[in-house]
Amino acid sequence: MAEFTLHDLQCFDAVIRTGGFQPAAAMLHRSHPAVFAAVARLERQLGLVLLDRSGYRVRATEAGLSFQRRAQQLLRELDGLRVHAAQLSMGEESEIHVVIGDLCPRPRVLGMLGRFFAQCPGTRLHLHFEAVGGPSERLFDDKADLILHWIDKGDARIEWIDLSKVPFIPVVAPGFLPERIERPITLEKMQAFTQCVMRDTALHSPRQDYFVVEGAPQCLVPDQAMKKEIILQGLGWGHLPHFLIAEELRDGQLLSITGSHLPGRTDDLVVARRRDRPHGPVANRLWNHIQQEAPALRRALEPGKSTQ
């Protein structure tokens, strides 16, 4: 059996994943004849029929599927090796871009970053503050080295470190709701009251709406601090992270309206970065630094603990 090349494997894998030679060629930035020839060469070298070409769309034979599963392991190793080589060739970065999302307890997170970058005078920190879908958009636009926010943990392009669970609680100021309002409080009843909603800073990603009551008047805000102040002043109601309002809940400045119709939600605050991109030595040290500080942050954000 003759030796086959990684290029042949890549072309064959792309045909299976995209369902045809033309889309595979487009994905690999190759010509259609080049991809067709590579797969034919691979079949000839292996002495196997890998593709069934009898239908309108090509599909893998049983042998082809089995071979592809093993080939993908090799291709993943190759991608990992390329990323590792790129990391080895990188010197210390002159700048790092970090995005802080609206889930973050800013004093603690900024303190954590401050302690790290005090030891890296040659690297400039660029801080960005984004909300809702903004952090993930920056990450996938290659405009952030890492983000501190929630993510889609099912996305294979991302690796993350869990930092804390952040409960979101629907709250109002005393007197905001009329005493005569019937319990339980339903979404329909809240349609009559102004809802304070976080503005999504993503520019081109699909809009993400969380906790929004359809039909209710809205007050759009840029961050959680402004949202909290508006709710404290009785100008609206909304969901806020527990760490931001623990004291106000204790002393009665804010009242929870959590119930079966307004259960709130708990999100995972993580630090995340691209798995499929190389990271320089400073970025890797920062990653390890955050991982070491994660237990202390987790303890500080437990309900009932001080957030100062």
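Predicted model only: the values in this text are computed from it and were never measured. Numbering of residues starts from 1 in every chain and runs along the sequence as written. Totals for whole chains, interfaces and linings use every residue, but because this is a predicted model, local features are given only for residues with pLDDT of at least 70 and side-chain atom pairs only at 80 or more, for both listing and counting. The side-chain numbers reported here are obtained from all heavy atoms of the structure, hydrogens and water having been left aside.

### So, the overall build of the chain
Broken down by element type, the chain carries ten helices and eleven strands. Only the C-alpha atoms count toward the radius of gyration. The rule for a globule is 2.2 Å times the residue count to the power 0.38. Compactness check: the chain gives a C-alpha radius of gyration of 26 Å against a globular reference of 19 Å for 308 residues, more than 25% above the reference. Projecting the C-alpha coordinates of the chain onto the three principal axes gives extents of approximately 80 × 50 × 30 Å. Expressed as a percentage of the 308 residues in the chain, the buried residues total 44%. Any pair of residues with heavy atoms lying within 4.5 Å of one another is described as a contacting pair. Long-range pairs, those at least 24 residues apart, make up 72% of the contacts in the chain with a sequence separation of at least 6. When the accessible area of the chain is evaluated, it comes to approximately 16500 Å², of which 53% is carbon and sulfur surface. The convention is simple: Lys and Arg are positive, Asp and Glu are negative, and His and the chain ends are not counted. A single reference atom marks each charge: NZ on Lys, CZ on Arg, CG on Asp, CD on Glu. Of the charged side chains in the chain, 37 are positive and 37 negative; the average position of the first set lies 3 Å away from that of the second. Under the scheme used here, helices are H or I runs from DSSP no shorter than 4 residues and strands are E runs no shorter than 2 residues, and both carry numbers assigned from the N terminus. Note on exposure labels: buried denotes an accessible area under 20% of the residue type's maximum, exposed denotes more than 50%, and partly exposed covers the range between, all computed with a 1.4 Å probe on protein chains only. To be clear on the numbers: accessible area is Shrake-Rupley with a 1.4 Å probe, and residue cover counts the displayed protein chains and nothing else.

### Regarding the pattern of salt bridges
Side chains that differ in sign of charge can pair as their charged atoms come close. When a carboxyl oxygen of Asp or Glu lies within 4 Å of a side-chain nitrogen of Lys or Arg, that pair is called a salt bridge. A full pass over the atoms with the stated rule returns 17 salt bridges. The residue Asp155 makes a salt bridge to Arg157 at a minimum N-O spacing of 2.6 Å. Between Asp276 and Arg277 there is a salt bridge whose closest N-O contact spans 3.5 Å. The partly exposed category is assigned to Asp276, whose relative accessible area is 32%. A relative accessible area of 30% means that Arg277 is categorised as partly exposed.

### Observations concerning the pairing of strand 3 (residues 95–100)
Most of strand 3 sits inside the fold, with five of its six residues counted as buried. The sheet contact formed by strand 3 and strand 4 (residues 124–129) spans six bridges and is parallel. Bridge pairing in strand 4 links Ile100 to Phe129. The handedness of a crossover follows from its direction of travel: if, with the strands pointing away from the viewer, the path from the first strand over the helix to the second runs clockwise, the crossover is right-handed. One crossover worth recording links strand 3 to the parallel strand 4 by way of helix 5 (residues 106–117), and it is right-handed. Note: two strands are recorded as paired if DSSP finds a minimum of 2 bridges between them.

### A word on the pairing of strand 7 (residues 195–198)
Burial of strand 7 is two-sided: the residues Gln195 and Val197 facing one way and the residues Cys196 and Met198 facing the other way are all buried. Here strand 7 runs beside strand 8 (residues 218–221); their pairing, made up of four bridges, is parallel. The partner of Val197 across the bridge, within strand 8, is Leu220.

### Brief notes about the packing of aromatic side chains
In this scheme Phe, Tyr and Trp rings, the latter by its six-membered ring, pair at centre separations within 6.5 Å, and the angle between planes marks the pair as stacked below 30 degrees, edge-to-face above 60, and tilted otherwise. All chains considered together, the criterion is met by five aromatic pairs. Ring centres of Phe116 and Phe117 lie 5.0 Å apart, and the angle between their planes is 85 degrees; this geometry places the pair in the edge-to-face category. Owing to a relative accessible area of 11%, Phe117 belongs among the buried residues under this scheme. Ring geometry for Phe176 versus Phe193: centroids 5.8 Å apart, planes at 50 degrees, classification tilted. Of the two residues, Phe176 sits in the loop between strand 6 (158–172) and helix 7 (187–190) while Phe193 sits in the loop between helix 7 and strand 7, which places them 17 residues apart along the sequence. For the residue pair Phe176 and Phe193, the accessibility class agrees, reading buried in each case. The ring of Trp287 carries the charged tip of Arg273 above its face, separated from the ring centre by 4.3 Å. Put simply, a charge is over a ring when the Lys NZ or the Arg CZ is close to the ring centre, within 6 Å, and near the line of the ring normal, within 35 degrees.

### Notes on the environment of Glu302
When you line up the elements, Glu302 lands in the segment after helix 10 (281–300). For the pair Glu302 and Phe36, spaced 266 residues apart in sequence, the C-alpha to C-alpha distance is 58 Å.

### Details of unusual backbone geometry
Residue Pro184 is bonded to the preceding Arg183 through a cis peptide linkage, with omega at 0 degrees. As for its position among the elements, Pro184 is in the loop between strand 6 and helix 7. In this model, Val132 sits at a positive phi of 60 degrees, which is unusual for a non-glycine residue. Within the secondary structure, Val132 sits in the loop between strand 4 and helix 6 (134–140).

### Focus: the packing of helix 8 (residues 224–232) against helix 9 (residues 242–251)
Where helix 8 meets helix 9, the closest approach of the two axes is 11 Å, and the angle between their N-to-C directions is 20 degrees. With respect to their mutual orientation, helix 8 and helix 9 come out roughly parallel. Crossing hand, helix 8 versus helix 9: right-handed. On the side of helix 8, the interface is formed by Gln224, Ala225, Lys228 and Leu232, while helix 9 contributes Leu244, Ile245 and Glu248. Axis lines are fitted through C-alpha atoms, for helices just across the contact stretch, and the angle between N-to-C directions can take any value from 0 to 180 degrees. Geometric relationships in this document are graded by angle, where less than 35 degrees denotes roughly parallel, more than 145 denotes roughly antiparallel, 65 to 115 denotes roughly perpendicular, and other angles denote oblique. Throughout, a crossing is termed right-handed when the near helix is turned clockwise from the far one, and left-handed when it is turned anticlockwise from it by less than a right angle.

### Thoughts on helix 9
For helix 9, the set of buried residues is His242, Phe243, Ile245, Ala246 and Glu248. Next to the buried residues of helix 9 lie strand 6, helix 8 and strand 9 (238–241). Looking one or two places after helix 9, you find Gly252, whose phi comes out positive at around 85 degrees.

Don't take any of this as a statement about function, it's just geometry.
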